[in-house]
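Commentary on secondary and tertiary structure
The residues making up each chain are set out below.
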Amino acid sequence: MLVNFWATSCVSCVKEMPRLVETYKKFAPRGYEMVAVAMSYDHPNQVAQFAASRALPFTVALDGDGTVAKGFGDIRVTPTSFVIDRQGRIVKQYVGEPEWSELHSVLEKALGDPA
């Protein structure tokens with residue numbers, strides 16, 4: 001699973017979104033999930049319009065009161081992403097856009113046969 005903290009006003013977040021969609025489509029058949037968590041300062045209508053206009057294929061969540069960001073260590077910088085393995089452990093954190101081939105390698109390993 002990848003949990004991605006992002007905002008519609010974040011240029012890097014918007015730039016990386018097509019690559020996140022590609023990554024999702026590549027790994028989803030193997031059980032990969034993704035949740036794009038919009039920051040609390042993002043207006044729900046903007047988030048909904050962004051997700052709809054880009055036909056985002058993964059879950060998009062609103063962190064209305066910042067609880068989710070706080071739960072991941074008080075996230076303030078976007079984009080910030082976490083790769084979580086099948087046992088629920090954070091195996092990698094990215095601040096900023098990930099190096100894509102490295103992320104795919106991490107996902108390959110995390111999606112290996114269920115333990």
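The residue numbers shown here count from 1 along each chain, following its written sequence. The predicted origin of the model limits local features to residues at a pLDDT of at least 70 and limits the giving and counting of side-chain atom pairs to 80 or more, whereas totals for whole chains, interfaces and linings rest on all residues. The side-chain figures draw on all heavy atoms in the structure; neither hydrogens nor water molecules are used.

Another point: the overall build of the protein chain. Numbering of helices and strands runs from the N terminus; a helix is a DSSP stretch of H or I covering at least four residues, while a strand is a stretch of E covering at least two. When its secondary structure is counted, the protein chain shows four helices and five strands. The globule rule is 2.2 Å times the number of residues to the power 0.38, and the radius of gyration it is compared with is taken over C-alpha atoms. A globule of 115 residues ought to have a C-alpha radius of gyration of about 13 Å, and the protein chain, at 13 Å, matches this closely. Counting only residues that meet the buried cut, the protein chain has 44% of its 115 residues in that class. Within the protein chain, contacts between residues separated by at least 24 positions form 69% of all contacts whose residues are at least 6 apart in sequence. Accessible area of the protein chain: about 6200 Å², with a carbon and sulfur share of 53%. Between the averaged position of the 12 positive side-chain charges in the protein chain and that of its 13 negative side-chain charges there is a distance of 3 Å. Note on exposure labels: buried denotes an accessible area under 20% of the residue type's maximum, exposed denotes more than 50%, and partly exposed covers the range between, all computed with a 1.4 Å probe on protein chains only. Note on contacts: a residue pair is in contact if any heavy atoms of the two residues lie within 4.5 Å. Here the accessible surface of atoms and residues is derived via Shrake-Rupley with a 1.4 Å probe, and residues count as covered only by protein chains that are part of the display. Positive charges come from Lys and Arg alone, negative charges from Asp and Glu alone, with His and the N- and C-terminal ends not counted. A single reference atom marks each charge: NZ on Lys, CZ on Arg, CG on Asp, CD on Glu.

This paragraph deals with the state of the cysteines. Think of a disulfide as a covalent bridge from one cysteine sulfur atom to another cysteine sulfur atom. We call a pair of cysteine sulfur atoms a disulfide when they lie within 2.5 Å. For the structure shown, the criterion picks out one disulfide. Bridging Cys10 to Cys13, the disulfide has an S-S length of 2.3 Å. Measuring handedness by torsion sign, the sulfur bridge of Cys10 and Cys13 sits at about 80° and is right-handed. You'll find Cys10 and Cys13 in the same group, each marked buried.

Next up on the list: the side chain of Asp63. With respect to the secondary-structure elements, Asp63 resides in the loop between strand 3 (59-62) and helix 3 (67-71). A carboxyl oxygen of Asp or Glu within 4 Å of a side-chain nitrogen of Lys or Arg is what we treat as a salt bridge. One buried charged residue, Asp63, forms no salt bridge at all, with the nearest opposite charge on Lys70 at 7.4 Å. There is a polar contact of 3.0 Å between the side chain of Asp63 and the backbone nitrogen of Val68. Engagement of the side chain of Asp63 in a polar contact is seen with the backbone nitrogen of Ala69, the distance being 2.8 Å. The contacts of Asp63, once residues within four sequence positions are left out, are Val37, Ala38, Met39, Ser40, Val68 and Ala69. Throughout this description, a polar contact denotes any pair of N or O atoms lying within 3.5 Å of each other; where both atoms belong to protein, one of them has to be capable of donating a hydrogen while the other can accept it, and for residues adjacent in sequence the pair is counted only when both atoms sit in side chains.

With that settled, consider the packing of aromatic side chains. Any pair of Phe, Tyr and Trp rings, taking the six-membered ring for Trp, is counted once the centres come within 6.5 Å. Such a pair is stacked with planes under 30 degrees apart, edge-to-face with planes over 60 apart, and tilted for the rest. For the structure on display, the rule yields seven aromatic pairs. Both rings, one in Phe5 and one in Phe72, keep their centres 5.3 Å apart while their planes meet at 65°; by these two values the pair is edge-to-face. Here Phe5 is found in strand 1 (residues 2-6), whereas its partner Phe72 is found in the loop between helix 3 and strand 4 (80-84), with 67 residues between them in sequence. Look at Phe72 and you get partly exposed, because its relative accessible area is 25%. Relative to Phe50, the ring of Trp6 lies with its centre 5.0 Å away and its plane at 40°, an arrangement referred to as tilted. Separated by 44 residues along the polypeptide, Trp6 in strand 1 and Phe50 in helix 2 (residues 44-53) bring together distant segments of the chain.

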